[in-house]
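Descriptive structure summary
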Amino acid sequence: LVTTKRKRYNQYAARTYTITEKNGLHARPAAELVTIANKYSGDSWIRTDNMEINAKSIMGVLMLAATANKKLTILYKPKKEAEEFYKSLEYSLIDKVLRKAD
């Protein structure tokens, strides 16, 4: 659920997003994110400034208490499936809650 040891970027594909929703990453988009993560067999994690949680756990995602304008890095492994994973994620959550960070 929550890890104390941070994942190494060189083993994971990583994309950084900013939360655009004024209410932050609340229950409905968090559930959608977890549903997408669970569709893929790969290992997916969400990293914030001080926490890293399993993206397949609704409790973990809600525990982030991610507010508006907070940056999240979503990690995915294996890298060969990552593009498809990110496309699914962006198709359903971009413009609703997240936007790619510059």
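Located above this text is the structure these notes cover.
Report on the accompanying structure. (Residues numbered from 1 in each chain as written. Predicted model: local features only at pLDDT ≥ 70, side-chain atom pairs only at ≥ 80, totals over all residues. Heavy atoms only, no water.)

On to the pattern of salt bridges, then. Enumeration over the complete set of coordinates arrives at 3 salt bridges. Arg15 is the salt-bridge partner of Glu83, the closest N and O atoms lying 2.9 Å from each other. Of the two residues, Glu83 is situated in helix H3 (residues 79-93) and Arg15 in strand S1 (residues 13-19); the sequence distance between them amounts to 68 residues. Residue class for Glu83 comes out partly exposed when judged on its relative accessible area of 42%. (Salt bridge = Lys/Arg side-chain N within 4 Å of Asp/Glu carboxyl O. Helix = DSSP H or I, 4+ residues; strand = E, 2+ residues; numbered from the N terminus. Buried < 20%, exposed > 50% of the residue type's maximum accessible area, 1.4 Å probe, protein only.)

Next up on the list: the environment of Val97. With respect to the helices and strands, Val97 occurs in the loop between H3 and strand S5 (98-100). Taking the relative accessible area as the measure of exposure, Val97 reaches 4% and is therefore buried. Leaving out residues up to four positions away in the same chain, Val97 has contacts with Thr18, Ile19, Thr20, Glu21, Gly24, Leu25 and Pro29. (Contact = heavy atoms within 4.5 Å.)

What follows deals with unusual backbone geometry. In this model, Lys77 is joined to Pro78 through a cis peptide bond whose omega is 15°. Assignment of secondary structure puts Pro78 in the loop between strand S4 (71-77) and H3. If you check the backbone angles, Ala65 has positive phi at about 50° while not being a glycine. Within the element layout of this structure, Ala65 appears in the loop between helix H2 (58-63) and S4. Owing to a relative accessible area of 53%, Ala65 belongs among the exposed residues under this scheme. Phi at Asn69 takes a positive value of approximately 70°, unusual for a residue other than glycine.

Sheets are built from strands paired through backbone hydrogen bonds, the pairs being either parallel or antiparallel. Taken together, the 5 strands give an open sheet; going across it, the order is S3-S2-S4-S1-S5, and neighbouring strands pair in antiparallel fashion. The open sheet is flanked by strand S3 (52-54) and S5, the only strands paired with a single partner. Strand-to-strand twist of the sheet, defined as the mean angle between neighbouring strand axes without regard to direction, takes the value 35°. Note: strand S2 (residues 43-47) against S3, 3 bridges, orientation antiparallel. (Pairing = 2+ DSSP bridges. Axes fitted to C-alpha atoms, helices over the stretch in contact; angles between N-to-C directions.)

Scope: geometric values only; no functional claims are made or implied.
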